[in-house]
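# What the coordinates show
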Amino acid sequence: MYALIVGAIWACYIALRMRAETRSRATKAAAAEAGLLEPASLHPKIDPLKCLGCGACARACPEGDILGMINGKAELIEPSHCIGHGACKDACPRDAITLVFGTEKRGVDIPYVHPDFQTNVPGIFIAGELGGMGLIRNAIEQGRQAIESVRKFDRSRSSDVYDVIIVGAGPAGFSASLSAIQHKLRFLTIEQDSFGGTVAHFPRGKLVMTAPVTLPLVGMLKFREVSKEDLLKVWLDAARKTGLKVNYGEQVETITQSGSEFTVQTTRASYKTASVLLAIGRRGTPRKLEVEGEDQAKVVYRLIDPQQYREHHVLVVGGGDSALEAAASIAEQPGTTVTLSHRSDAFSRAKAKNRERVTTAEKSGRLSVLLQSSVKRIGRHDVEIEQQGRQMQIRNDAVIVCAGGILPTAFLKSIGIEVETKYGTA
């Protein structure tokens, strides 16, 4: 009797496992057919020799079916959806998962950073998106941890020298600033743009996917999905309550070292500090198309308010989430004609929900998608686009280029920070 019961349980287990594997194979095949096999950022690399096939990593992933079981081993089945949570690595009981940047085909430039967030230049630290961590939750946590490392660094006893200068007021810089207040450090926060960093530049009403996170001096923020405006309001309230001051509209020009101190030269003043924390993000200078007519006022590099393009003929250039979100949002405005141009044959770097929005808008006739295309000229009232050898000219009132940013490699190298190109390595 017991043997029959055990056998029945085992048979059910095998049947369920085979069904799950069939789903995983189908998902991976669909991703391959769509050309969506390149992870966009930090992602897991699984050692099949260590993998037990327990599935703990797949169950731990908060993004859904990113990982699956094939031949009794864990595999990335929807690589382009992975956004680097890292929960899979923590869940693995055999340490079979390594989080890596880039792939064999696509390299990613990453500054050299030690586990304590210090670069190869002692006293200069990096946290957040610049170091490859794009998630808001990760950036906030890294900002806090970086200040913990700064506290252990030698401080100056001179009253005119800061303990740390924090460059950037996005998620990492904001968290670091609150932590600096908490630990009573002498610090200065500099932001060349506005509060919130990359988050402030998201389109109006954009939902920001987050997870519960702890802010220094504030405590646990328990929301899991929140709009850009609501998130910034929480941060601004925290800044007011803690008395955080930020030098806005001030850009760092150079950082030079003399002995144990750094001189940070900005567009406004010169400051001395014992250490520097760079939390400036990876966008850097917007990547341009380098075509005739790009210098016109109608060409911009981010979307703020879709409503301003109502009844306009708009071209959006790019294939990432920002491009797809911009195109789909503008297409929802009355009277708009929207074209989305992307140089590749698939939107491999965009999340599934954004690809679905674009597909829906395209099927409804509100959006025209031109894959494997490139902009050749931007005229005053038109644009010229080439698609697989075919030239076309379309009416145009506005161009939004969402082609990402150029990593500030020259700036990093000017202060001695090494930059590595990662091809599927940690």
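Description of the structure in this document. (Residues numbered from 1 in each chain as written. Predicted model: local features only at pLDDT ≥ 70, side-chain atom pairs only at ≥ 80, totals over all residues. Heavy atoms only, no water.)

## Digging into the overall build of the chain
Helix and strand counts for the chain come out as nine helices and 28 strands. The globule rule puts the C-alpha radius of gyration for 426 residues at 22 Å, and the 24 Å found for the chain is close to it. Oriented by its inertia axes, the alpha-carbon framework of the chain measures out at about 80 × 70 × 40 Å. Considering the chain as a whole, with its 426 residues, one finds that 48% of them fall into the buried category. A fraction of 67% describes how many contacts in the chain between residues 6 or more apart in sequence connect residues 24 or more apart. In the structure as shown, the chain presents an accessible area of about 21,300 Å², 51% of it carried by carbon and sulfur atoms. Charge-centre separation for the chain: the mean point of 54 positive side chains lies 4 Å from the mean point of 46 negative side chains. (Helix = DSSP H or I, 4+ residues; strand = E, 2+ residues; numbered from the N terminus. Rg over C-alpha atoms; globule rule 2.2 N^0.38 Å. Buried < 20%, exposed > 50% of the residue type's maximum accessible area, 1.4 Å probe, protein only. Contact = heavy atoms within 4.5 Å. Areas by Shrake-Rupley, 256 points an atom, 1.4 Å probe, with all protein chains shown as cover. Lys, Arg positive; Asp, Glu negative; His and termini not counted. Charge placed at Lys NZ, Arg CZ, Asp CG, Glu CD.)

## Regarding the pattern of salt bridges
Within the structure shown, the criterion is met by eleven salt bridges. Between Glu141 and Arg144 there is a salt bridge, with its nearest N and O atoms 2.4 Å apart. With a gap of three residues between them, Glu141 and Arg144 both fall in helix 4 (residues 136-152), about one helical turn apart. Owing to a relative accessible area of 25%, Glu141 belongs among the partly exposed residues under this scheme. Salt-bridge contacts for Lys233 lead to Asp237; the nearest nitrogen and oxygen are separated by 3.2 Å. (Salt bridge = Lys/Arg side-chain N within 4 Å of Asp/Glu carboxyl O.)

## Structural notes on helix 4
Side chains that are three or four residues apart share a direction in an α-helix, a result of its 3.6 residues per turn. Relative to the 24 Å expected for 17 residues at 1.5 Å per residue, helix 4 spans 25 Å between its end C-alpha atoms, a close match to the ideal helical length. Among all positions in helix 4, only Ile136, Asn138, Ala139, Ile140, Gln142, Gly143, Ala146, Ile147, Ser149 and Val150 are buried. (Expected span 1.5 Å × (residues − 1).)

## A word on the sheet that holds strand 15 (residues 261-266)
Taken in spatial order, the three strands make up an open sheet running 14-15-16, and their pairing is antiparallel. The sheet is open, and its two borders are formed by strand 14 (252-258) and strand 16 (270-273), each paired with just one other strand. Taken pair by pair, the neighbouring strands of this sheet meet at an average axis angle of 20°, ignoring direction. (Pairing = 2+ DSSP bridges. Axes fitted to C-alpha atoms, helices over the stretch in contact; angles between N-to-C directions.)

## Quick look at the sheet that holds strand 17 (residues 276-278)
Ordered by their spatial adjacency, five strands build an open sheet running 6-17-7-8-13, and the pairing between neighbours is parallel. Looking along the sheet, the strands with just one partner apiece sit at the ends: strand 6 (124-126) and strand 13 (247-248). One ladder, built from three bridges, connects strand 6 with strand 17; its direction is parallel. Bridge pairing in strand 17 places Ile124 opposite Val276. In the packing of helix 4 onto the sheet, contacts are made with strand 6, strand 7 (164-167) and strand 17, and the angle to strand 7 comes to roughly 160°.

## Section: the pairing of strand 16
A one-sided burial pattern is seen for strand 16, the buried positions being Tyr271 and Thr273 and the unburied ones Ser270 and Lys272. In terms of strand pairing, strand 15 meets strand 16 through four bridges, oriented antiparallel. Looking at strand 16, one finds that Gln265 is bridged to Ser270. Between strand 15 and strand 16, which follow one another and run antiparallel, lie three residues.

## Concerning helix 8 (residues 352-363)
Between its first and last C-alpha atoms helix 8 spans 16 Å; for twelve residues at 1.5 Å apiece the expected length is 16 Å, and the two agree. Of all the residues in helix 8, the buried ones are Asn354, Arg355, Val358 and Ala361. End-on view of helix 8: buried residues confined to an arc of 125°, all on one side of the axis. What points out from helix 8, more than 90 degrees from its buried face, is the exposed set Glu356 and Lys363. Buried residues belonging to helix 8 abut helix 7 (321-331), strand 21 (337-342) and strand 22 (367-371). (Arc of directions from axis to C-beta.)

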